[in-house]
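Listed here are the chains, written in short residue letters.
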Amino acid sequence: MNVVKVGLLGLGTVGGGTVNVIKKNANEIARRTGCKVVVTKACARDISRPRICNTDDVELTTNPNDVINDPDIQIVLELMGGDEPAKSLILSAISQGKHVVTANKALIANHGNELFAAAADNNVTLAYEAAIAGGIPIVKAMREGLSANKIEWLAGIINGTGNFILTEMRDKGSAFADVLKEAQELGYAEADPEYDVEGIDAAHKLCILASLAFGMPLNFKKVYTEGISKITPLDVTYAEELGYRIKHLGVARKSDKGVEMRVHPTLIPETRLIANVDGVMNAVVVKGNAVGPTLYYGPGAGAEATASAVIADVVDICRQMSQSAENSVPSLGFLSDELQELAILPIEEIVTAYYLRLSVKDKPGVMAAITTVLANNGISIEAVLQKEPKHGSNAQIILLTDNVLESSLLSALKEIESLDSINEPAIRIRVESLQ
Ligand code: HSE
């Protein structure tokens, strides 16, 4: 199998996550690309520091030139962040004919025009999926999936730290500074957290999204930017009472007059899907003139979530490097000779939680009889509700169960439905927490 050697600049949260996911999913990546992707070298400021990844088979160095000048390395992953030396290193890698994948939104927003031109001149790819909205494949969606559309506007929650802070302030009434500290400990926040709370990080991402949407050069300096540091728990509460949530939104819109690019706290009606995007999750709504509004949702930060986007770019580059048309975009995403026959589970073997509604005679011992049957079948109850009978009708018992094997639930229901006190077949609806 073709081996593709990858070198890393930066071995922090995203770099460590990338090493882990490349190892963990080596088989899947090979089945999708026909290549064995291996990280051979990584540059870190301090190579003795404890890491979130195993680096036993990775050569570590403190000199980034050891990575970009290595003739065996075909793809350089720039995961160090910041302006310099990242920019010069990327330009140097590009000039040596290497493909580059970066998660550096500030660099793309500020210098993307120059960097993309250099990549085009050298006939290599400079990919940046991980720069916007962490693990959400928003670049791919906008560049490919929505390519039939004229994009009218987009609006996104594109800073996980800011969203985490606003969510915790609403849910727990926590103070701004405490939540920010927690976000830093979880590895969500930028090295300079002002970038998160003052909206600069979101502005970097919005600038890139606007260029992707409207086909214009990057223009970071024109993004209007307001942060969330002045939002108090009181504002959050009052907005809530009015039926709104406060979210830190990046908005880009194109009209006959021109393009708007703005990042600021925004009240959104609580009924909107995007108003319910909480914690470190990100979401972007993109309105195309053919498709209408579309929503993309997922983790906006974190080691492996961001690594997912970094590696998707690596997979794309491996496919481009391949000579075969089938490898370049396999029809089902995996190479045709890598497709596997897998066992498809019958419904009786599925495990889910259940909502059950039982129509019962209003007499002593009914609830006890039902819960005894459930207990005997190893079914745990999560919640119970009883509604009194109306106008001579039956009482209604509503139960939420814990996860249960379908076949166990069916045998328990058979027993329950044969009880004297049960009048009608149970209504059962599966519950998915989708976590
Ligand atoms: N600090 C960024 C955020 C990390 O919180 O969204 C991902 O870009």
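Computed from a predicted structure; not experimentally measured.

The two faces of strand E4 (residues 75-78) match: Ile75 and Leu77 on one face and Val76 and Glu78 on the other face are all buried. Bridge analysis of strand E1 (residues 2-9) against E4 gives four bridges, and the strand direction is parallel. Bridge pairing in E4 places Leu9 opposite Glu78. Bridge count for E4 against strand E5 (residues 99-102) is four bridges, and the pairing is parallel. Following the sheet pairing, Val76 is matched in E5 by Val100. In this fold, E4 hands off to helix H4 (residues 86-95), which returns the chain to E5; that crossover is right-handed.

Side-chain pairing between opposite charges can occur once the charged atoms of the two side chains come close. Tallied over the entire structure, the rule returns 23 salt bridges. A salt bridge links Arg245 to Glu240; its shortest N-O distance comes to 3.7 Å. A relative accessible area of 28% places Glu240 in the partly exposed class. A single salt-bridge network, built from bridges that share partners, covers Arg170, Asp171, Glu240, Arg245, Lys247 and Asp278.

Quick look at a nonpolar patch on the surface now. A cluster of nonpolar side chains, contributed by Leu242, Tyr244 and Leu267, occupies part of the molecular surface with about 300 Å² of accessible area. Relative to the elements of secondary structure, Tyr244 occurs in strand E9 (residues 244-255). The class of Tyr244 is partly exposed, set by a relative accessible area of 32%.

This part takes up the sheet that holds E1. Within a sheet, each strand pairs with its neighbour through backbone hydrogen bonds, oriented either parallel or antiparallel. Taken in spatial order, the six strands line up as E3-E2-E1-E4-E5-E6 in an open sheet, and their pairing is parallel. Two strands lie at the open edges of the sheet, namely strand E3 (59-61) and strand E6 (126-127), each paired on one side alone. This element, H4, spans E1, E4, E5 and E6 of the sheet and lies at about 150 degrees to E5.

Time to look at the domain arrangement of the protein chain. Segmentation of the protein chain into domains returns domain 1 (2-135 + 303-338), domain 2 (139-299) and domain 3 (348-431). For domain 1 versus domain 2, the separation of C-alpha centres amounts to 26 Å. Each partner contributes residues to the interface: domain 1 has 18 residues there, and domain 2 has 17 residues. For the domain 1 and domain 2 pair, buried surface summed over both sides reaches about 1500 Å², with 61% attributable to carbon and sulfur atoms. Summed over the three residues of domain 1 that lose the most area to domain 2, namely Lys105, Ala109 and Ile132, the buried surface amounts to 35% of that side. Taken together, domain 1 and domain 2 are joined by three salt bridges.

Glancing now at the site of the ligand. Around the ligand sit Lys105, Asn159, Gly160, Thr161, Tyr188, Ala189, Glu190, Asp196, Asp201, Lys205, Gly300 and Ala301, and those are all the residues in its vicinity. Interatomic distance of 2.5 Å between a side-chain N/O atom of Lys105 and an oxygen atom of the ligand. With respect to the ligand, the side chain of Asp196 contributes an N or O atom lying 2.8 Å from a nitrogen atom. Starting from 250 Å² of accessible surface for the ligand in isolation, the protein chains cover 93%. Taken together, the elements giving at least two residues each to the shell around the ligand come down to helix H7 (160-172) and helix H10 (200-214). Residues belonging to the shell around the ligand are distributed by class as follows: three nonpolar, four polar and five charged.

Inspection of the secondary structure puts Ser421 in the loop between helix H15 (406-417) and strand E17 (427-431). Here Ser421 falls in the buried class, since its relative accessible area comes to 8%. Other than its neighbours up to four places away in sequence, Ser421 contacts Ser359, Val360, Lys361, Lys363 and Val366.

Note the cis peptide between Glu84 and Pro85, where omega equals 10 degrees. Tracing the sequence through the fold places Pro85 in the loop between E4 and H4. Positive phi is not limited to glycine here, since Asn123 has a value of about 55 degrees. Topologically, Asn123 is positioned in the loop between helix H5 (105-121) and E6. With relative accessibility at 68%, the residue Asn123 sits in the exposed group. Here the phi dihedral of Ala133 falls at roughly 60 degrees; this positive angle occurs in a residue that is not glycine. When you line up the elements, Ala133 lands in the loop between E6 and helix H6 (138-145).

Another point: the sheet that holds strand E7 (residues 151-157). Here six strands make up an open sheet; going across it, the order is E8-E10-E9-E7-E11-E12 and the pairing mixed. Looking at the sheet topology across the chains shown, the edges are occupied by strand E8 (224-225) and strand E12 (292-299). Here eight bridges tie strand E11 (residues 281-288) to E12, and the two strands are oriented antiparallel to one another. The partner of Lys287 across the bridge, within E12, is Pro293. Sitting on the sheet, H6 touches E7, E11 and E12, and the angle it makes with E11 is about 10 degrees. Across the sheet, H7 lies against E7, E9 and E11, angled at about 145 degrees from E9, the strand it touches most.

Rules and cut-offs
- Residues numbered from 1 in each chain as written.
- Predicted model: local features only at pLDDT ≥ 70, side-chain atom pairs only at ≥ 80, totals over all residues.
- Heavy atoms only, no water.
- Buried < 20%, exposed > 50% of the residue type's maximum accessible area, 1.4 Å probe, protein only.
- Helix = DSSP H or I, 4+ residues; strand = E, 2+ residues; numbered from the N terminus.
- Pairing = 2+ DSSP bridges.
- Right-handed = clockwise from strand over helix to strand, strands pointing away.
- Salt bridge = Lys/Arg side-chain N within 4 Å of Asp/Glu carboxyl O.
- Patch = residues over 30% accessible without salt bridge, like charges linked within 9 Å, V, L, I, M, F, W, Y side chains within 5 Å.
- Areas by Shrake-Rupley, 256 points an atom, 1.4 Å probe, with all protein chains shown as cover.
- Contact = heavy atoms within 4.5 Å.
- Axes fitted to C-alpha atoms, helices over the stretch in contact; angles between N-to-C directions.
- Domains from an automatic or database assignment.
- Buried area = accessible area lost by both parts, 1.4 Å probe.
- Near = heavy atom within 4 Å.
- Polar contact = N/O pair within 3.5 Å; in protein donor to acceptor, adjacent residues only side chain to side chain.
- Nonpolar A, V, L, I, M, F, W, Y, C, P; charged D, E, K, R; others polar.

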